[in-house]
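# Coordinates in review
Below, each chain spelled out in residue letters.
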Amino acid sequence: MTDTQWGAGVKLGSIYWKRNLAVSLVGSFTTIVAMTLLLPFLPLYVEELGVTEHTAIVQWSGVAYGATFLAAALVAPLWGRLGDIYGRKLMLVRASLGMTLAISLMGMAGDVWQLVALRLFVGLAGGYSSGSMVLVATQTPKDRSAWALGVLSSGIMAGNLVGPLIGGALPPIIGIRGTFLAAGGMIFFAFLATTLLIKEEKSPDRRQAAKASGGWKSIADRRPVIAMLATGMLLMLANMSIEPIITVYVAEIVPIEAQVTMISGLVMSAAALGSILSASWLGRLADRIGHWPVIAGALAVAGLLLIPQAFVTSSWQLILLRFLMGAALGGLLPCIAAVIRHSVPDSAAGSILGLSVSSQYVGQVAGPVLGGFVGGHISMRAVFLGTSLLLVAGAAYAWAIRPRDTETSNMRASADQLDA
């Protein structure tokens, strides 16, 4: 396949794109479930590993949980670039096999240091869901890319929702260590499906271009890419800035203390459920009317929905508003990936999408820190209103720099020419 043929193939997409999407969807769901199911019992496992003081249990639980995201943020661009050179399927095979080993070994940890080390290894060796985004973005026809990425995003968010539920139900039945082994076995099936069923169309010319380009310097117009990196970080910051104060905020509006934790869980789940239901629909809408209007509109609507959240008087109001906000934000991740895919040559897609994942992890880490600081030192209402201001500003920025129709066509043409 020549460069020109490869560029045409990317426009049309791989003939296996639907199969690849289905396998990536199932694989991403199972790997995310396996990564998040430890949340309900992580402090209990830390205590089982010999940590007895309450403060130390909390600190070690935080370190063990955050280690994965820190490591993943550091290596995501590297895995993306290696995927550009050696193939995106190979990165999924590597990630699923590495996660199978690491999560299974967590069930055999002898002390808390081993648990933290294995959590770091999951972040370093993992990245299945982000790798799936790259594969689907580059193998799907461009006029279906946002929809396909929306479907995949729904599966990832569903995994984040289901994982803690399974983590709460399995340990009483098979034990904490047995739960880790079961999770490792589940990812092993994703590894087998990925190895046997995913078909990736490769190009030696793309591989040579990826080796030569260095990724970033091959991009003709970097403004859309920079905007999407900022938008991804802002999205995660907005989602996570509220998390540290949810339970305390709910306690102020719920009169019965025994109901606080249950309602807090519903509030946290409502946003995820809204995103799951809206992601593929918003992706399809973006394929039809363009990605930039959906990005700017989603940020603006979510920002406006944060304002009444600062003044709710009952729990059902907060649950409804969080659901609507999640629905508004559900299409952002697929649109971000689609804009990046349309803005860069195929030889740089993996490394830039990997950089996008890193920027999202930065927002995921910064959000709780900023939200907790503002909520503790100013007020909880200030967290909602401040996040609202950031989202509205992000919407205005995205609308202001959006490429016009002619610019969009030229941008896509130049990206395809760089592939050729």
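The structure this text deals with has already been given above.
Let me sum up the structure you'll find in this document. (Residues numbered from 1 in each chain as written. Predicted model: local features only at pLDDT ≥ 70, side-chain atom pairs only at ≥ 80, totals over all residues. Heavy atoms only, no water.)

## Examining the overall build of the protein
Here is the rule we go by: Helical segments are the DSSP runs of H or I of at least four residues, strand segments are the runs of E of at least two, and each set is numbered from the N terminus. Remark: exposure states derive from per-residue accessible area (1.4 Å probe, protein chains only) relative to the maximum for the residue type, with buried under 20%, exposed over 50%, and partly exposed in between. The criterion used for residue contact is that any of the two residues' heavy atoms lie within 4.5 Å. Accessible surface is estimated by sampling points in the Shrake-Rupley manner with a 1.4 Å probe; for residues, cover comes only from the protein chains shown.
Along the backbone of the protein there are 20 helices and zero strands. Here the protein holds 420 residues, and 55% of them are scored as buried. Taking as baseline every contact in the protein between residues at least 6 positions apart, the subset at least 24 positions apart corresponds to 85%. Just so you have it, the protein exposes about 17400 Å², and 69% of that area is on carbon and sulfur atoms.

## Topic: the packing of helix 5 (residues 88–106) against helix 10 (residues 176–197)
Inclusion rule: The angle between two axes is taken between their N-to-C directions and runs from 0 to 180 degrees, where each axis is a line fitted to C-alpha atoms and a helix contributes only its stretch in contact. In these notes the angle categories are as follows: under 35 degrees is roughly parallel, over 145 is roughly antiparallel, 65 to 115 is roughly perpendicular, and the rest is oblique. Put simply, a crossing is left-handed when the front helix is turned counterclockwise from the back one by less than a right angle, and right-handed when it is turned clockwise. Gly falls in the polar group here, along with every residue not listed as nonpolar (Ala, Val, Leu, Ile, Met, Phe, Trp, Tyr, Cys, Pro) or charged (Asp, Glu, Lys, Arg).
For the pair helix 5 and helix 10, the least separation of the axes is 8 Å and the interaxial angle reads 165 degrees. Our classification of the angle between helix 5 and helix 10 gives roughly antiparallel. Judged by the twist between their axes, the crossing of helix 5 over helix 10 is left-handed. Along the contact surface, helix 5 presents Lys-89, Leu-92, Val-93, Ser-96, Leu-97, Met-99, Thr-100, Ile-103, Ser-104 and Met-106, while helix 10 presents Phe-180, Leu-181, Ala-183, Gly-184, Ile-187, Phe-188, Phe-191, Thr-194 and Thr-195. A breakdown of the residues in the contact of helix 5 with helix 10 according to their chemical character gives 12 nonpolar, six polar and one charged.

## Focus: the nonpolar core
Stated precisely, the cut-off is as follows: In this description, a nonpolar core means a group of buried Ala, Val, Leu, Ile, Met, Phe, Trp, Tyr and Cys residues linked to one another through side-chain atoms lying within 4.5 Å.
Counting 71 residues, the largest nonpolar core has Met-228, Val-250, Ile-295 and Leu-391 as the members making the most contacts within it. The element that contributes the greatest number of residues to this core is helix 15 (residues 291–309), accounting for nine residues. Leave out the neighbours within four places in its chain, and Met-228 touches Trp-292, Ile-295, Ile-336, Val-339 and Ile-340. Of all hydrophobic cores here, the second largest spans 34 residues; its members include Leu-37, Met-106, Val-112 and Leu-118.

## So, a positive patch on the surface
Rules: Residues with no salt bridge and a relative accessible area higher than 30% make up the patches, which join like charges within 9 Å and nonpolar side chains (Val, Leu, Ile, Met, Phe, Trp, Tyr) within 5 Å. Counted as salt bridges are all cases of a side-chain nitrogen of Lys or Arg within 4 Å of a carboxyl oxygen of Asp or Glu. Positive charges come from Lys and Arg, negative ones from Asp and Glu, while His and the chain ends are left out of the count. Note that the charge is assigned to NZ on lysines, CZ on arginines, CG on aspartates and CD on glutamates.
The grouping of Lys-18, Arg-144, Arg-284 and Arg-288 at the surface amounts to a positive patch. You can see Arg-288 is positioned in helix 14 (residues 260–289).

## What about the side chain of Thr-31?
Here Thr-31 is to be found in helix 2 (residues 17–36). Looking at Thr-31, the relative accessible area reads 2%, which means it is buried. Sequence-distant contacts of Thr-31, defined by excluding residues within four places in its chain, comprise Met-99, Tyr-128 and Ile-187.

## A word on a nonpolar patch on the surface
Nonpolar side chains collect at one region of the surface, where Leu-97, Leu-101, Leu-105, Met-108 and Leu-181 lie side by side and expose about 460 Å² of accessible area between them. No other element matches helix 5, which puts three residues into the nonpolar patch. Mapping Leu-97 onto the fold places it in helix 5. Leu-97 sits in the partly exposed class, given a relative accessible area of 36%.

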